[in-house]
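So you can see what is in the structure, the chains are spelled out below.
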Amino acid sequence: MSPRHSALALLVALLWGVNFVAIDLGLHPPGGTMPPLLFVAMRFALVVFPCIFFIRKPDVSWRVIIVVGLLMSAGQFGLLYLGMALGMPAGLASLVIQAQVLMTVLLAAGILSERPTRRQLAGVILGIVGLAVVAVGRSLVAPLLPLLIVLAAALSWAGGNVVVRRAKAASGLGLVVWSGAVVPLPLAGLSLLLDGPAAVSDALLQVQPVTLITALYTAVFGSLIGYGIWNRLLGLYPSSAVVPFTLLVPVVGMTAAWLVLAERPSAAEIAGGLLLLAGVATAVLRGRNGPAQRRVAERPGVAAGPGRGAAVPAPFAAEGALAPALAPEALGTDAVEPDDVEREDVEPTDLEPVDLEPADFGADGLAAGRAAGRALD
């Protein structure tokens, strides 16, 4: 990647990492609280309007748009915000949500019959160990329920990844905006049921400036600008060059939470987090093979056979790793870019003449050769 595009990828990791701190500040404004599901509805209302009037509907069915909206947007963020409202620290949430990469690998194996590679299986096992260490460390200082809810958010995201994978949906801001239209009304309705009309009306009438600012930040910088830059980079470079930048998201998230919210993870949480990130890195980063060992990725839109993935860029990148398990190299298919292929120009003078006698051919081969010669003449 060029230095400019590398800087843009770093900017996206910064925007997504800070997103978790913004969510925490919006959920816990001074002197009050914001119902988490209502906050998610506010965020996606800002994502959808007025963008939906200017961005064309993606070339997928309405069923796919609805299911992706329910899983990737409503399910993921509704559970994430709920877990954080119940006490999940922002920095730790930015780390645990990365488990969606490992869950996507397992779901794709079970639902799409895409066999994970040995590297992916090793990454999944390492990530599970890391999550277990985080859970044990968390249980010593706080209830486990918020952690389990954030893991459920990661599972919902992984399910959305599989839906997009099966639909062969292309990456694009259109799917983000149109699937986001599924979120506001259902989650606002759930907030009315769970929090009560009085709490919802009070939150809307007495909304704090910090909640409005953070909702704007998550919608504009986290979703629209972040996705716009990310999808552009995926259109210019192979996902293997872009996706690893998302491993910086929890680093930024935990650092920002430490500086702004004074969050200090325990030693067990740090150790488990490092194991989890190592597992994610193992699952999404490919080894360097020689040109002769690389496999050409299938073209987008071509049906994939078992164990192979279509060469589609990862379609989503919320506050985590832009569905890296959907990348071709993560599914066992290495994408080869034109610049990666070494070509050797052969001049006519480099070819040595070879004298062939009729005896060197069979009768059929000699007749076919003469026929071809007459056709060329």
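Remember, it's a predicted structure, so these values are computed and weren't measured experimentally.

Caption draft 1: Looking closely at the environment of leucine 233. Among the structural elements, leucine 233 can be located in helix α11 (residues 209-236). For the pair leucine 233 and valine 243, spaced ten residues apart in sequence, the C-alpha separation works out to 9.8 Å. Sequence-distant contacts of leucine 233, defined by excluding residues within four places in its chain, comprise Met1, His5, Leu8, Ala9 and Val242.

Caption draft 2: Just the confidence of the model for the protein, in detail. The predicted model of the protein has a mean per-residue pLDDT of 80, with 74% of residues at 70 or higher. In this model, residues 289-318 is a region of pLDDT below 50 whose contacts with residues beyond four sequence positions or in other chains number 83 contacts. This model gives residues 358-366 a pLDDT under 50, and the stretch forms four contacts once residues within four places in sequence are excluded.

Caption draft 3: View of the nonpolar core. If you look at the biggest cluster of nonpolar residues, it comprises 82 residues, and the most contacted ones within it are Phe20, Leu80, Tyr81, Met84, Met88 and Val96. Beyond its immediate sequence surroundings of up to four residues, methionine 84 is in contact with Phe20, Ile23, Asp24, Leu27, His28, Ala90 and Ala93.

Caption draft 4: Quick peek at the side chain of glutamate 263. Tracing the backbone shows glutamate 263 in the loop between α13 (249-261) and α14 (267-284). As a buried residue without a salt bridge, glutamate 263 has its nearest oppositely charged side chain in arginine 138, at a separation of 7.9 Å. The contacts of glutamate 263, once residues within four sequence positions are left out, are Pro89, Ala90, Gly91, Leu92, Ala257 and Trp258.

Caption draft 5: Spatial organisation of the pattern of salt bridges. The tally for this structure, following the rule as stated, stands at two salt bridges. One salt bridge in this structure joins arginine 138 and glutamate 269, with 3.4 Å as the shortest N-O distance. Remark: glutamate 269 occurs in helix α14 and arginine 138 occurs in helix α6 (residues 118-139); sequence separation between them is 131 residues. Accessibility classification places arginine 138 together with glutamate 269 in one group, the buried group.

Caption draft 6: Molecular detail of the packing of helix α8 (residues 173-180) against α11. Close contact between α8 and α11 brings their axes to 9 Å; oriented N to C, the two are set at 150 degrees. One element, α8, and the other, α11, form an angle in the roughly antiparallel class. Contact with α8, carried on its side by Leu173, Val176 and Val177, involves Ser223, Leu224, Tyr227, Gly228 and Asn231 of α11 and no other residues of that element. Residue composition of the contact of α8 with α11, grouped by class: five nonpolar, three polar and no charged.

Caption draft 7: Just a nonpolar patch on the surface, in detail. A grouping of Leu46, Leu216, Val220, Phe221 and Ile225 is seen on the molecular surface, where their side chains present a nonpolar patch of about 370 Å² in accessible area. Element by element, the count of residues in the nonpolar patch is highest for α11, at four residues. Position of phenylalanine 221 among the secondary structure elements: in helix α11.

Caption draft 8: The arrangement of α11 in detail. Over its 28 residues, α11 runs 38 Å from end to end, which matches the ideal 40 Å to within 8%, given 1.5 Å per residue. Maximum bend of α11: about 30 degrees, positioned at glycine 226.

Caption draft 9: Representation of unusual backbone geometry. Here phenylalanine 49 and proline 50 are connected by a cis peptide whose omega angle stands at 5 degrees. Mapped onto the elements of the fold, proline 50 is located in the loop between α2 (36-48) and α3 (62-85). We note that serine 113 has phi near 55 degrees; this positive angle belongs to a residue other than glycine. Relative to the elements of secondary structure, serine 113 occurs in the loop between α5 (99-111) and α6. When its relative accessible area of 41% is taken as the criterion, serine 113 is described as partly exposed.

The rules behind these values
- Residues numbered from 1 in each chain as written.
- Predicted model: local features only at pLDDT ≥ 70, side-chain atom pairs only at ≥ 80, totals over all residues.
- Heavy atoms only, no water.
- Helix = DSSP H or I, 4+ residues; strand = E, 2+ residues; numbered from the N terminus.
- Contact = heavy atoms within 4.5 Å.
- pLDDT = per-residue confidence, 0-100.
- Core = buried A, V, L, I, M, F, W, Y, C linked by side-chain atoms within 4.5 Å.
- Buried < 20%, exposed > 50% of the residue type's maximum accessible area, 1.4 Å probe, protein only.
- Lys, Arg positive; Asp, Glu negative; His and termini not counted.
- Salt bridge = Lys/Arg side-chain N within 4 Å of Asp/Glu carboxyl O.
- Axes fitted to C-alpha atoms, helices over the stretch in contact; angles between N-to-C directions.
- Parallel < 35°, antiparallel > 145°, perpendicular 65-115°, else oblique.
- Nonpolar A, V, L, I, M, F, W, Y, C, P; charged D, E, K, R; others polar.
- Patch = residues over 30% accessible without salt bridge, like charges linked within 9 Å, V, L, I, M, F, W, Y side chains within 5 Å.
- Areas by Shrake-Rupley, 256 points an atom, 1.4 Å probe, with all protein chains shown as cover.
- Expected span 1.5 Å × (residues − 1).
- Bend = angle between axes of the 7 residues up to and from the residue.

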